[in-house]
Amino acid sequence: MFRISLFEFRIYREIMLVENIKAEFNLYKNQAEKSDFFLKREEAFAEFEKVGFPTTKNEEWKYTNLKNIVNQSFQSTCESTIETELMLSHAFLKDLTANKLVFVNGTFRTELSTIIETDSSIVITTLAKAKTAHSELFNKHFGKYAPIEGQGLNAMNTALLSDGAFIFVPNNKTLTNPVIIINIADSTDVNVLCQPRNLIIVEKSASLTLVETFYAVGNNPSFTNAVNEVYANENAHIEHYKIQNQEGESYHNNFTQIFQEANTNINHVTLTLSGTLVRNNLHFFMNGQNCNSLLYGLYMPHGTELVDNHTRVDHAFPNCFSDELYKGIMMDKSVAVFNGKIMVHLDAQKTNAYQRNKNILLSNEATVNTKPQLEIFADDVKCTHGATIGQLDEEPMFYLRSRGIPADVARKMLLNAFADDIAERIKIPELVELLEQEIEKKI
Amino acid sequence: MVHKQEKMLSIKNLKAEIEGKKILNGLNLEVKAGEVHAIMGPNGAGKSTLSAVLAGRADYEVTEGTVEFEGKDLLELSPEDRAREGVFLAFQYPIEIPGVSNTNFLKTAINEKRKYQGLEPMEATDFLKMMREKMAMVEMDKSLTSRSLNEGFSGGEKKRNEIFQMAMLEPKLGILDETDSGLDIDALRLVSEGVNKLRNKERAFIVITHYQRLLDYIVPDFVHVLYKGRIVKSGDASLAKELEEKGYDWIKQEVEANS
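Residues numbered from 1 in each chain as written. Chains lettered and ligands numbered in written order. Predicted model: local features only at pLDDT ≥ 70, side-chain atom pairs only at ≥ 80, totals over all residues. Heavy atoms only, no water.

1. Some thoughts on the overall build of chain B
In step 1: Looking only at helices and strands, chain B features 10 helices and 12 strands.
In step 2: Its C-alpha atoms give chain B a radius of gyration of 18 Å, near enough to 18 Å, the size a compact globule of 259 residues would have.
In step 3: Each of the three principal axes of chain B carries a C-alpha extent, and together these read 60 × 50 × 40 Å.
In step 4: The buried share of chain B, taken over its 259 residues, is 53%.
In step 5: Considering only contacts within chain B whose residues lie at least 6 apart along the sequence, 70% involve residues at least 24 apart.
In step 6: For chain B, the accessible area works out to roughly 12,100 Å², and carbon and sulfur atoms hold 47% of it.
In step 7: Across chain B, the centroid of the 37 positively charged side chains sits 2 Å from that of the 43 negatively charged ones. (Helix = DSSP H or I, 4+ residues; strand = E, 2+ residues; numbered from the N terminus. Rg over C-alpha atoms; globule rule 2.2 N^0.38 Å. Buried < 20%, exposed > 50% of the residue type's maximum accessible area, 1.4 Å probe, protein only. Contact = heavy atoms within 4.5 Å. Areas by Shrake-Rupley, 256 points an atom, 1.4 Å probe, with all protein chains shown as cover. Lys, Arg positive; Asp, Glu negative; His and termini not counted. Charge placed at Lys NZ, Arg CZ, Asp CG, Glu CD.)

This is how it looks when you write it as structure tokens:
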């Protein structure tokens, strides 16, 4: 008798977040206008109901268990009570000259945001505003790139997204300054759920530098479930940096789909500095010839943190180049997962694709699960992939120490050198400096 | 004023092994300030083990004996403290460290040494001036300093970089571990000239080499023959010439006959 009640209790616990989501969607459904956008969300919600949250039975989620998320209750529309200044004091790059969009618990905060771009043809606004003000662009691109089918978390974001950035750079335009999207999860009062959704459209021969940052404040758990859709039209150039630094009990799932037309250049760097559980899904689709896709990442989890990077690069046309390098510095009992998939389609002749994952374990108790994957259907391609997991080499340590450099300083120098491969991909000097400081602090 | 030549390094009955294999078997050596000692010997005699033990490489275990450096127990010190006390090892195989720039590395090493001595960090302008001077001394190309430590350097450039580092760190005792190996004659000349410029009354050198060739350039005060982990013969620079002519076999025979 006792065992049965325990069993029932477990079932109840597991559906806690699902119940939250259902209740929230029903509330939304009763108030919403029956627009195209609404229909899309309703469809997404149906998919979410069908698929639910991924479990470790799913091969793609084998090492990343979401039980600590789905067993808790989260609220998605809660106001933050923290003072503005205090809130921004957590934010990186707050002094950088840039266009800033600040979202706290998924809600846009006008008073914290600044747009310095003077060219009125360039749109830097929120998704909520763009839906009506730029409805044609919105309808043309929204939900077209990030898949929903079989993707419970993407479906959940689409059904109940909070808000996010909408950026449109027209043909031949270049932004003078970067755009920074600052996402803050404030869980001071309750468990908070944030579902940011960004739509980035960079038209022909236009270019954009985009920085996304994520922070968490407060002692309750927070869960960020973000979806980015990035569209690069022919000959566009995008520098895209993602910095995840959510301290405390914070969970983060990120799905970024980058859709590239011919002759586009995308440089993407993901820096995961902190987070209880961080899962990044970064997908590139090259829909034309002569595309460059560069994917770089650095993670340095400590404690019992888990960082999972799943990437996928689709080479669908000939003569494209992709280069991927993810590096990890593993401390304490942390866990990292890397799964990089490169798909070279039948027509994608003369593809050059490189992929590497390198890890340094600074503790005997850290774990890395890595799986570089190549699937090649074309026959005239150059592809390499590989992964390494090891400790800091003794020889360089001895060399530095033999010149009078103490062991702890030598160790930092070598770890900085290890991270340098990633740092040198960052074109914002302030961000590089910041990364160096963070390495100094964390190690 | 009476000038008393100080004992700098005193090695007594040093025995050391690696992975259970005995390499040094009771080595004795005394080095005074200003002296240059050459250590020669056949392959496997323990030459590189001696330099490794003096620099503090962890994989060697000292089982017996003492090493005093300026009155301090050298074997008790960490590798970095040995360096900061004034011991410098020029590596036989200097390694490449990608991502650590030569300049940053040297600045850190110099300032760590100064910190150890209770001094303020060096002024940036003084540091650059010193770099320029010492680089000229070993005819090192300026572009090498902005590159990563030894990365992509030729064999000769790596050895010159060792001497350049020694010039920058101004040690009391310089140990050259087969610095001549793999060098062509021009590189050998440059490296030797660098070392000769660093010779003075206060500084001592231990020059470990298999060949006499290096000693044509760096003329030693003493030559010791190391065999089976012990110094079996000592003499002046003429001993090196004798070894060059006759090889090591007669020494081996002498040792076997006496034992």
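Back to the text.
2. Observations regarding helix α3 (residues 102-116) of chain B
Residues and elements named next belong to chain B.
In step 1: In this model α3 runs 21 Å from its N-terminal to its C-terminal C-alpha over 15 residues, within 8% of the 21 Å that 1.5 Å per residue would give.
In step 2: Buried within α3 are the following residues: N102, F105, L106, T108, A109, I110, E112 and K113.
In step 3: Remark: G118 follows α3 within two positions and exhibits a positive phi of approximately 75 degrees. (Expected span 1.5 Å × (residues − 1).)

3. Some remarks on the sheet that holds strand β2 (residues 21-32) of chain B
Residues and elements named next belong to chain B.
In step 1: The strand order β2-β1-β4-β5 describes an open sheet built from 4 strands, whose pairing is antiparallel. Each having just a single partner strand, β2 and β5 (72-73) make up the two edges of the open sheet.
In step 2: Summarising the sheet, strand β1 (residues 7-18) and β2 pair through 9 bridges and their orientation is antiparallel. Looking at β2, one finds that S10 is bridged to E30. (Pairing = 2+ DSSP bridges.)

4. Section: the interface of chain B and chain A
In step 1: Of the residues lining the interface, 28 residues belong to chain B; the matching set on chain A comes to 17 residues.
In step 2: Buried area between chain B and chain A, both sides added, is near 1,900 Å², and the carbon and sulfur share of it is 68%.
In step 3: For the pair chain B and chain A, the number of links is 3 salt bridges.
In step 4: Elements supplying a minimum of two residues to the side of chain B that touches chain A: α2 (79-85), β6 (87-90), β7 (97-101), α3 and α6 (155-169) of chain B.
In step 5: Counting residues per element, the side of chain B that touches chain A draws most heavily on α3(B), at 5 residues.
In step 6: A per-class count over the side of chain B that touches chain A returns 16 nonpolar, 7 polar and 5 charged. (Buried area = accessible area lost by both parts, 1.4 Å probe. Salt bridge = Lys/Arg side-chain N within 4 Å of Asp/Glu carboxyl O. Nonpolar A, V, L, I, M, F, W, Y, C, P; charged D, E, K, R; others polar.)

5. Looking at unusual backbone geometry
Glycine aside, residues mostly have negative phi, and peptide bonds are mostly found in the trans state.
All names here are of chain A.
In step 1: With phi around 65 degrees, N172 is a residue other than glycine that occupies positive phi space.
In step 2: Tracing the backbone through its elements, the reader meets N172 in the loop between β4 (165-169) and β5 (179-186).
In step 3: Look at N172 and you get exposed, because its relative accessible area is 58%.
In step 4: Of note in this structure, N290 is not a glycine but carries a positive phi near 55 degrees.
In step 5: Residue position: N290 is located in the loop between β13 (277-286) and β14 (292-299).

6. Quick look at the environment of A:K412
Residues and elements named next belong to chain A.
In step 1: Structurally, the position occupied by K412 is in helix α10 (residues 407-423).
In step 2: You can call K412 partly exposed: its relative accessible area is 25%.
In step 3: When the C-alpha positions of K412 and I439 are compared, they lie 8.1 Å apart, and in sequence the two are 27 residues distant.
In step 4: Setting aside its immediate chain neighbours within four residues, K412 contacts E440 and I443.

7. Things to note about the pattern of salt bridges
Side chains that differ in charge, positive against negative, can pair when their charged atoms come close.
In step 1: Inspection of every chain in the model, using the stated rule, returns 34 salt bridges over all chains.
In step 2: Its salt-bridge partner being A:E395, residue B:R57 comes within 2.5 Å of it at the nearest N-O pair. A residue pair is termed interchain when its members come from two chains, as with B:R57 in the loop between α1 (47-55) and β4 (60-69) and A:E395 in helix α9 (residues 394-401).
In step 3: With relative accessibility at 18%, the residue B:R57 sits in the buried group.
In step 4: Under the relative-accessibility criterion, A:E395 is labelled partly exposed at 35%.
In step 5: Among the salt bridges present, the one from B:K172 reaches B:E70, with a minimum N-O distance of 2.8 Å. Of the two residues, B:K172 sits in the loop between α6 and β9 (173-177) while B:E70 sits in the loop between β4 and β5, which places them 102 residues apart along the sequence.
In step 6: In this structure B:K172 comes out as partly exposed when scored by relative accessible area, which is 33%.
In step 7: Given a relative accessible area of 40%, B:E70 falls into the partly exposed group.
In step 8: Each of B:D81, B:R84, B:E112 and B:K115 takes part in a single network of salt bridges with overlapping partners.

8. Notes on helix α10 (residues 249-258) of chain B
All names here are of chain B.
In step 1: Those residues of α10 that fall on the buried side of the exposure criterion are W250, I251 and V255. Summarising the axial view, the buried residues of α10 lie within an arc of 140 degrees, below the 170-degree limit, and thus occupy one face. Of the residues in α10, the exposed ones pointing more than 90 degrees away from the buried face are Q253 and A257. (Arc of directions from axis to C-beta.)

9. What about the packing of helix α2 (residues 16-31) of chain A against helix α3 (residues 36-51) of chain A?
Residues and elements named next belong to chain A.
In step 1: Running from amino to carboxyl end, α2 crosses α3 at an angle of 160 degrees, the nearest separation of the two axes being 12 Å. As the angle between them shows, α2 and α3 are arranged roughly antiparallel. The interaxial crossing formed by α2 with α3 has left-handed handedness. Contacts between α2 and α3 involve V18, I21, K22, F25, Y28 and K29 on the former and, on the latter, F38, R41, E42, F45, F48 and E49.
In step 2: Counted by class, the contact of α2 with α3 contains 7 nonpolar, no polar and 5 charged residues. (Axes fitted to C-alpha atoms, helices over the stretch in contact; angles between N-to-C directions. Parallel < 35°, antiparallel > 145°, perpendicular 65-115°, else oblique. Left-handed = near helix turned anticlockwise from the far one by under 90°.)

10. Here we look at the environment of A:Q151
In step 1: Residue placement: A:Q151 occurs in the loop between α7 (135-141) and α8 (152-160).
In step 2: It is 30 Å that separates the C-alpha atoms of A:Q151 and A:V123, two residues lying 28 residues apart in sequence.

11. Structural notes on the pairing of strand β17 (residues 335-344) of chain A
All names here are of chain A.
In step 1: Buried residues dominate β17, accounting for 10 of its 10 residues.
In step 2: The pairing of strand β15 (residues 306-315) with β17 spans 10 bridges and is parallel. Following the sheet pairing, L306 is matched in β17 by V335.
In step 3: Across 10 bridges, the pairing between β17 and strand β19 (residues 367-376) is parallel. If you follow V344 over to β19, its bridge partner there is I376.

Read these as layout, nothing more, since geometry by itself doesn't imply function.
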